[in-house]
Amino acid sequence: SKALPLIETAEDRRNEFYKEDIDWLLALAWLMQEPDKAKTRLQSISTNPAHTKRLDALELLHQLE
């Protein structure tokens, strides 16, 4: 939770080089504080066939059900 503001700042800066990592880290960070936002982000990742964390997001969503 302490890293959440840093990750959100990185997302705000729209750094395309780290976009997939930021998406994944935000989803994980939000799981405890904002689970709806986390699930939405995980769904977005899981439906993007090019995302490097797609399968991880699918697995995590399945575990959350």
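Presented here is an overview of the structure given in this document. A quick note: this is a predicted structure, and the numbers were derived from the prediction, not measured. (Residues numbered from 1 in each chain as written. Predicted model: local features only at pLDDT ≥ 70, side-chain atom pairs only at ≥ 80, totals over all residues. Heavy atoms only, no water.)

## Points about the overall build of the chain
The criterion, for reference: Here a strand is any run of E in DSSP of at least two residues, a helix any run of H or I of at least four, and the numbering for each starts at the N terminus. Partly exposed residues are those whose accessible area sits between 20% and 50% of the maximum for their type, while under 20% is buried and over 50% is exposed, using a 1.4 Å probe and protein chains only. Any two residues having at least one pair of non-hydrogen atoms within 4.5 Å are treated as being in contact. Neither His nor the chain termini are counted; the positive set is Lys and Arg, and the negative set is Asp and Glu. Each charge is placed at NZ for Lys, CZ for Arg, CG for Asp and CD for Glu.
Counting its secondary structure elements, the chain contains four helices and zero strands. The order of helices and strands in the chain, counted from the N terminus, is α-α-α-α. Overall size of the chain, expressed as C-alpha extent along the three principal axes, is 30 × 25 × 15 Å. Buried residues in the chain amount to 26% of all 65 residues. For the chain, long-range pairs separated by at least 24 residues make up 30% of all intrachain contacts whose partners lie at least 6 apart in sequence. Each charge class in the chain was averaged separately, 9 positive and 12 negative side chains, and the resulting centres sit 3 Å apart.

## A word on the packing of helix H2 (residues 19-33) against helix H3 (residues 35-46)
Using the following cut-off: Inter-axis angles, ranging from 0 to 180 degrees, are taken between N-to-C directions of lines fitted to C-alpha atoms, where helices are fitted over the stretch in contact. Oblique is the label for any angle not covered by the other classes, which are roughly parallel (under 35 degrees), roughly antiparallel (over 145) and roughly perpendicular (65 to 115). Take the far helix as your reference; a near helix turned counterclockwise from it by less than a right angle gives a left-handed crossing, and one turned clockwise gives a right-handed crossing. Throughout, the ten residues Ala, Val, Leu, Ile, Met, Phe, Trp, Tyr, Cys and Pro are labelled nonpolar, Asp, Glu, Lys and Arg are labelled charged, and all others, Gly among them, are labelled polar.
Where H2 meets H3, the axes come as close as 7 Å, and the angle between the chain directions of the two elements is 150 degrees. With respect to H3, the axis of H2 lies roughly antiparallel. In terms of crossing hand, the pair formed by H2 and H3 is left-handed. Contacts between H2 and H3 involve Asp-23, Trp-24, Leu-26, Ala-27, Trp-30, Leu-31 and Gln-33 from the first element and Pro-35, Lys-37, Ala-38, Arg-41, Leu-42 and Ile-45 from the second. Per-class residue counts for the contact of H2 with H3 are nine nonpolar, one polar and three charged.

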